[in-house]
Amino acid sequence: GAVVSQHPSRVICKSGTSVKIECRSLDFQATTMFWYRQFPKKSLMLMATSNEGSKATYEQGVEKDKFLINHASLTLSTLTVTSAHPEDSSFYICSATNRVRTEAFFGQGTRLTVV
Amino acid sequence: AQSVTQLDSQVPVFEEAPVELRCNYSSSVSVYLFWYVQYPNQGLQLLLKYLSGSTLVKGINGFEAEFNKSQTSFHLRKPSVHISDTAEYFCAVSDQDTDKLIFGTGTRLQVFP
């Protein structure tokens, strides 16, 4: 299967700072990337869909000014959690796909802890 | 809009026993169906997928699932589980026009020796 690399795997930051998470498709061009948030013992909640070269589409209830998504190239999307607070602590997972493939490939996830 | 229901939040089973993890979906359009496995603090790994054709789909690690359109189900089965199968399992659906996945709430499979 295709490889999607997510970095960092773990990050601890202070409340009020911003954190950037990268999602890279290593061996295919990802026209679409998805960002999910997973709470403990809960399912994955889709936060936003990002298409290369265009603005991300956010799901209802997700603050676009807080969770900035950039998909500047066909192999890289970034999620920036701005002015992080403890309630933003969670497991964030990205996935990537293109129109040729009929499945999404997932990154390893990022454990964000805001203290 | 699509939705996925995984009725069992936890399934305990002894090693070498068979297991079935249930998944039901609802959608007004044709969909693709997926099962993913997640090990602690890791991303998701695809077990199997149904796109079209044969309703019985075989995946990795000895898992299989059967698509039942009339019952809108896609239950996951394995005839004999191993300790290493202990993980969280997610059923997901996407419509055929987008790649957006909608996940069920997950089923924790716990295999005991």
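Each chain has its residues counted from 1, running along the sequence as written. Key to labels: chains lettered from A, ligands numbered from 1, both in the order written. Local features in a predicted model are, by the rule used here, given only for residues with pLDDT of at least 70; side-chain atom pairs are given and counted only at 80 or more, and totals for whole chains, interfaces and linings are based on all residues. The basis for every side-chain value is the complete set of non-hydrogen atoms in the structure, without hydrogens or water.

## A few points about the overall build of chain B
Each helix corresponds to a stretch of at least 4 residues labelled H or I by DSSP, and each strand to a stretch of at least 2 residues labelled E; elements are numbered beginning at the N terminus. The helix and strand inventory of chain B stands at 0 helices and 12 strands. Over its C-alpha trace chain B gives a radius of gyration of 13 Å, about what one expects of a compact globule, namely 13 Å for 113 residues. Projected onto its principal axes, the C-alpha positions of chain B cover 45 × 30 × 20 Å. Counting all 113 residues of chain B, 47% fall into the buried class. Contacts in chain B between residues at least 24 apart in sequence constitute 57% of all its contacts with a sequence separation of at least 6. Working definition of accessibility: Shrake-Rupley area with a 1.4 Å probe, residue cover restricted to the visible protein chains. Summing over all exposed atoms, chain B offers an accessible surface of approximately 5400 Å²; the carbon and sulfur share of this is 50%. Taking the 8 positively charged and 11 negatively charged side chains of chain B as two groups, their mean positions are separated by 3 Å. The quantity called the radius of gyration is restricted to C-alpha atoms. Its globule counterpart is 2.2 Å times the number of residues to the power 0.38. Three labels apply to residues, based on accessible area from a 1.4 Å probe with only protein chains included: buried if under 20% of the type maximum, exposed if over 50%, partly exposed otherwise in between. Any pair of residues with heavy atoms lying within 4.5 Å of one another is described as a contacting pair. For this count, His and the chain ends are skipped, Lys and Arg are scored as positive, and Asp and Glu as negative. The atoms used to mark charge sites are NZ of Lys, CZ of Arg, CG of Asp and CD of Glu.

## Side note on the overall build of chain A
Helix and strand counts for chain A stand at 0 helices and 11 strands. In sequence order, the secondary structure elements of chain A are arranged as β-β-β-β-β-β-β-β-β-β-β. Rg of the C-alpha trace for chain A: 13 Å, near the compact-globule value of 13 Å for 115 residues, within the 12% margin. Here the C-alpha coordinates of chain A stretch approximately 40 × 25 × 20 Å along the principal axes. Evaluated residue by residue, chain A yields a buried proportion of 52% over its 115 residues. For chain A, contacts bridging at least 24 residues in sequence account for 54% of all contacts bridging at least 6. Total accessible area on chain A stands at roughly 5700 Å², and carbon and sulfur atoms take up 52% of it. Taking the average place of the 13 positive charges on the side chains of chain A and the average place of its 9 negative ones, the gap between the two points comes to 5 Å.

## Comments concerning the interface of chain B and chain A
Many structure descriptions define interface size as the accessible area lost when the parts assemble. Taken together, the 20 residues of chain B in the interface contact 23 residues of chain A. Of the roughly 1700 Å² buried at the junction of chain B and chain A (both faces included), carbon and sulfur atoms supply 50%. On the chain B side of the interface with chain A, the three residues burying the most area are B:Asn41, B:Asp99 and B:Lys100, jointly 33% of the side's total. Salt bridge criterion: a side-chain nitrogen from Lys or Arg within 4 Å of a carboxyl oxygen from Asp or Glu. For the interface between chain B and chain A, the tally reads 1 salt bridge. Here A:Glu59 ties to B:Lys100 by a salt bridge, and the two come within 3.4 Å at their closest N and O atoms. Contacts described as polar in this section are N or O atom pairs within 3.5 Å, which, within protein, must combine one atom able to donate a hydrogen with one able to accept it, while residues neighboring in sequence count only if both atoms come from side chains. The tally of links from chain B across to chain A stands at 6 residue pairs in polar contact (both at pLDDT 80 or more). Of all the elements in the fold, those that place two or more residues in the side of chain B that touches chain A are strand E5 (31-38) and strand E6 (44-50) of chain B. Buried area: the accessible area, evaluated with a 1.4 Å probe, that two parts lose upon being put together, summed over both parts.

## Considerations on the state of the cysteines
All names here are of chain A. Cysteine sulfur atoms are paired as a disulfide whenever they fall within 2.5 Å. According to the stated counting rule, one finds 2 disulfides over all chains in the structure shown. Covalent S-S linkage joins Cys23 and Cys94, the inter-sulfur distance amounting to 2.0 Å. On the sign convention where negative is left-handed, the bridge of Cys23 and Cys94, at about 80° about the S-S bond, is right-handed. Here Cys23, found in strand E3 (residues 19-25), pairs with Cys94, found in strand E9 (residues 90-97); they are 71 residues apart in sequence, far enough to count as distant. Cysteine Cys13 shares no disulfide, and the gap to the nearest cysteine sulfur, in Cys94, comes to 18 Å.

## Some words on the pattern of salt bridges
Residue and element names in this part refer to chain B. Counted by the stated rule, this structure contains 8 salt bridges over all chains. The partner of Lys58 in a salt bridge is Glu64, and the shortest N-O contact between them spans 2.8 Å. For Lys58, a relative accessible area of 62% translates into the label exposed.

## A word on the sheet that holds E3(A)
What holds strands together in a sheet is hydrogen bonding between their backbones, with the strands either parallel or antiparallel. All names here are of chain A. Paired strands, in this sense, are two strands between which DSSP finds at least two bridges. Here 4 strands make up an open sheet; going across it, the order is E1-E3-E8-E7 and the pairing antiparallel. Across the chains shown, the open sheet's two edge strands, defined by having one partner strand only, are strand E1 (4-7) and strand E7 (67-73). Strand-to-strand twist of the sheet, defined as the mean angle between neighbouring strand axes without regard to direction, takes the value 15°. Looking at chain direction, E7 and strand E8 (residues 76-81) are connected through 5 bridges and run antiparallel. The partner of Leu68 across the bridge, within E8, is Thr80. To get an axis, a line is fitted to the C-alpha atoms, and for a helix only the part in contact is used. The angle between two axes follows their N-to-C directions and goes from 0 to 180 degrees.

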